[in-house]
Structure formats: C-alpha cells, structure tokens
Amino acid sequence: MVDQDKIRKAVRLLLEGMGEDTGREGLAETPDRIARMYAEIFAGAEEDAAVPLSKVFTVDSSEMVLEKDIVFYSMCEHHMMPFFGKAHVAYIPDGKVVGLSKLARTVEIYAKRLQIQERLTGQIADALMEHLAPRGVMVVLEAEHMCMTMRGVKKPGSKTVSVAVRGIFENSGELQDRFFQMLRLEMGSRIDG
Ligand code: ZN
C-alpha cells in the first residue's frame, strides 16, 4: 500500500540531501507530485492478475496464441529508475482462452511494481499457467533500462532480453522456434503492409 504521506516526507528529505532548496518554486509541489505519481505507477502491487485472467472462453483449438508488442513501463528495484519496452506473450490453450486485452492487463499489473526484468517475465508466465492452465506459456520481454543507458553503462537504445518458458515450451526447441517465427512473421508483414 502506497503511503503518500511518507513518500512526500521522503522526497523532501531526498531533495535536501541533494542540496536543493525545497521551498523554491519549481520544487515546492514536487514531493506531492511524486507521491501521487507513485500511487499510479506502483498500483500493480495492490492488484491481482486473477481478476483479468478469470474471464475465460472455452475453445477446442490448441493452436499457439501470440500477443506481441505489448508496451510496458516498470521501475527497476535496484535503482528506482524506469525500464520499459515490449512484452511478447504466447500460450498454447488447453480448452481455455482469454481476451487479448487481458494479456496486456496482466503484463501491466506485474509491471506497475518495483521489479527486476527477469522476475517480471516469470511472474507473467506463472500467472498464465495458474489461471488459464494452458499446455504451455512462453514470454519474452525486451526492455531498455534507464539505470544502464542513462549512466553510460550501455548505449542508449540497447535492449535487455529475458525469456520465460513453462509447460510444453520448456523441453521443445521446436515450439520455441515457432514462437520466434510467429514474432518475425508479423514483423515482416507489418513492414510490407
Ligand atoms: Zn537498475
């Protein structure tokens, strides 16, 4: 639970620590702005992916479903700096599917927390396994980390890629290849179209 009062006090102290005059015009409202912003960008900590993922439909198909290019924004817990990029989420249903918007909603719920990219990737995969009980899940995240690119540890625009595989994806290079093929295929058709 975000305690906005504590955050206001902490930001004031942080600004003092930086040698800033917390009373000057541009900074006077900053503690309050950040407190309100944190309530929004960390709202995922109070949300449960079980809610969007409970709205399932019954299907006969067991063909891979891929939702690609789900834009997300998260905060690295080591530096409290943003990392952001795209999530590609695929699963092979076993009788149950969800609306595509629910996959994006699931990504958002886990992204809006203090995170590390690897855990975020795994949590999305685990939530799908738990609530959809599919035959398998594969999640790929590609993200730029401001804590790396802003400090010059990495070139701006460089991406960190993380992968989580569950169920039948775990031991099937063939299925993993198909995931990447589908990812490329859609990219190609977008360029051509
Ligand atoms: Zn970091």
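Notes on the structure follow. (Residues numbered from 1 in each chain as written. Predicted model: local features only at pLDDT ≥ 70, side-chain atom pairs only at ≥ 80, totals over all residues. Heavy atoms only, no water.)

### Focus on the overall build of the protein
The number of helices and strands found in the protein is 7 helices and 7 strands. In terms of its C-alpha atoms, the protein occupies a principal-axis envelope of roughly 65 × 35 × 35 Å. Across the 193 residues that make up the protein, the buried fraction comes to 36%. Within the protein, residue pairs in contact and separated by at least 24 positions form 69% of the contacts whose partners lie at least 6 positions apart. Carbon and sulfur atoms make up 53% of the accessible area of the protein, which totals about 10900 Å². Between the averaged position of the 25 positive side-chain charges in the protein and that of its 29 negative side-chain charges there is a distance of 2 Å. (Helix = DSSP H or I, 4+ residues; strand = E, 2+ residues; numbered from the N terminus. Buried < 20%, exposed > 50% of the residue type's maximum accessible area, 1.4 Å probe, protein only. Contact = heavy atoms within 4.5 Å. Areas by Shrake-Rupley, 256 points an atom, 1.4 Å probe, with all protein chains shown as cover. Lys, Arg positive; Asp, Glu negative; His and termini not counted. Charge placed at Lys NZ, Arg CZ, Asp CG, Glu CD.)

### Some words on the coordination of the zinc ion
All of the protein donors around the zinc ion are Cys-76 (SG), His-79 (ND1) and Cys-147 (SG); their distances to the metal are 2.1 to 2.2 Å. Sequence positions of the residues that donate to the zinc ion give the spacing C-x2-H-x67-C. Placement of Cys-76 in strand β2 (residues 65-76) and of Cys-147 in helix α6 (residues 146-149) is noted, with a sequence separation of 71 residues between them. Assessed through its relative accessible area of 6%, Cys-147 is described here as buried. (Donors = N, O, S within 2.8 Å, 3.2 Å for Na, K, Ca; no water.)

### Here's the deal with the packing of helix α1 (residues 4-17) against helix α3 (residues 30-41)
Close contact between α1 and α3 brings their axes to 8 Å; oriented N to C, the two are set at 130°. Between α1 and α3, the angle is such that the two are oblique. Remark: the crossing between α1 and α3 carries right-handed chirality. Seen from α1, the contacting residues are Gln-4, Ile-7, Arg-8, Val-11, Arg-12 and Leu-15; seen from α3, they are Thr-30, Pro-31, Asp-32, Ile-34, Ala-35, Arg-36, Tyr-38 and Ala-39. Grouping the amino acids of the contact of α1 with α3 by side-chain chemistry returns 8 nonpolar, 2 polar and 4 charged. (Axes fitted to C-alpha atoms, helices over the stretch in contact; angles between N-to-C directions. Parallel < 35°, antiparallel > 145°, perpendicular 65-115°, else oblique. Left-handed = near helix turned anticlockwise from the far one by under 90°. Nonpolar A, V, L, I, M, F, W, Y, C, P; charged D, E, K, R; others polar.)

### Looking at the packing of aromatic side chains
The final tally for this structure, using the stated rule, is 4 aromatic pairs. When the centroid spacing of 6.2 Å and the interplanar angle of 75° are considered together, the rings of Phe-72 and Phe-83 count as edge-to-face. A residue pair is termed long-range when its members are at least 10 positions apart, and Phe-72 in strand β2 and Phe-83 in strand β3 (residues 81-92) qualify at 11 residues. (Phe/Tyr/Trp six-rings, centres within 6.5 Å; stacked < 30°, edge-to-face > 60°.)

### Re the pairing of β3
With 10 bridges joining them, β2 and β3 adopt antiparallel strand pairing. From the neighbouring strand, Glu-67 faces β3, where its bridge partner is Val-89. Two elements, β3 and strand β6 (residues 136-145), share 10 bridges in a ladder whose sense is antiparallel. The residue bridging Ala-87 from the neighbouring strand is Leu-141, located in β6. (Pairing = 2+ DSSP bridges.)

### Remarks on the environment of Gly-173
Within the secondary structure, Gly-173 is located in helix α7 (residues 173-192). When the C-alpha positions of Gly-173 and Asp-126 are compared, they lie 20 Å apart, and in sequence the two are 47 residues distant.

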